[in-house]
Amino acid sequence: MYKAVGSPGSRVGRVLWMLEELGVPYEFVKADIRSPQMYALNPSGKSPALVDGDVVVTDSAAICVYLADRHPDKGMGAEPGRAGRAAMDSWMHYAQSEFEAPLWNKLRHRFILPAELRVDVGPATAHDFREEVQTLERRLGDRQYALGDRFSAVDVLLGDMGAWARGGKFAIESDNVNAYFDRVLSRPARARAQTVGAK
């Protein structure tokens, strides 16, 4: 049985969503960031972590890819071959290094950094996020999901970021992107994951 380890409200929610989509047995283990329990699994002490027997995987994107690869029959991973893997990797790297960056930057300056280091990054992050929404709109094109007509691990990551953006009052000035987020965030597996994460 998998163990998803992390603090409620963190990126562990993506892992729970992914596990619910796969329909595999798992246990949610609550652990605070930078607690001894998290440091034992991740040198940074950050969550989430996935424990699969002797294998420990950290970073939400890496965990979602790992799980998709572990369960190819569920159809949530890359298409077969180098081109399929490259397409999925491109989406995952874009999601974490580009689309999520303004969200994370604003969060750091609102809640995480020491008070003396915080500055008002609101206008800059709003500008950056507006550009990322335009990029996402172009990348999606007329696709229903990131990889085409099927829901994948990429959509788990992007969907969670979309919920984060909406919760943080970031403007999503694209009907297509908003429709995409509505589509992925309404999935029953996400609702189940949220229930598990709130316990």
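Residues numbered from 1 in each chain as written. Predicted model: local features only at pLDDT ≥ 70, side-chain atom pairs only at ≥ 80, totals over all residues. Heavy atoms only, no water.

Caption draft 1: Geometry of the overall build of the protein. Looking only at helices and strands, one finds 9 helices and 4 strands in the protein. For the protein, the C-alpha radius of gyration of 17 Å lies close to 16 Å, the compact-globule estimate for 199 residues. Its C-alpha atoms give the protein principal-axis dimensions of roughly 45 × 45 × 30 Å. Residue burial in the protein is summarised as follows: out of 199 residues, 48% are buried. Sequence-distant contacts, at least 24 apart, represent 65% of the contacts inside the protein between residues at least 6 apart. Counting only carbon and sulfur atoms, one obtains 51% of the accessible surface of the protein, whose full area is about 10,000 Å². (Helix = DSSP H or I, 4+ residues; strand = E, 2+ residues; numbered from the N terminus. Rg over C-alpha atoms; globule rule 2.2 N^0.38 Å. Buried < 20%, exposed > 50% of the residue type's maximum accessible area, 1.4 Å probe, protein only. Contact = heavy atoms within 4.5 Å. Areas by Shrake-Rupley, 256 points an atom, 1.4 Å probe, with all protein chains shown as cover.)

Caption draft 2: View of the pattern of salt bridges. A complete count under the given rule lists 11 salt bridges for this structure. Among the salt bridges present, the one from Arg 85 reaches Asp 89, with a minimum N-O distance of 3.7 Å. Of this pair, Arg 85 and Asp 89 both sit in helix 4 (residues 82-99), separated by 4 residues, roughly a single helical turn. Judged by relative accessible area, which is 29%, Asp 89 ranks as partly exposed. Ionic pairing is found between Asp 182 and Arg 166, a salt bridge with its closest N-O pair at 2.9 Å. (Salt bridge = Lys/Arg side-chain N within 4 Å of Asp/Glu carboxyl O.)

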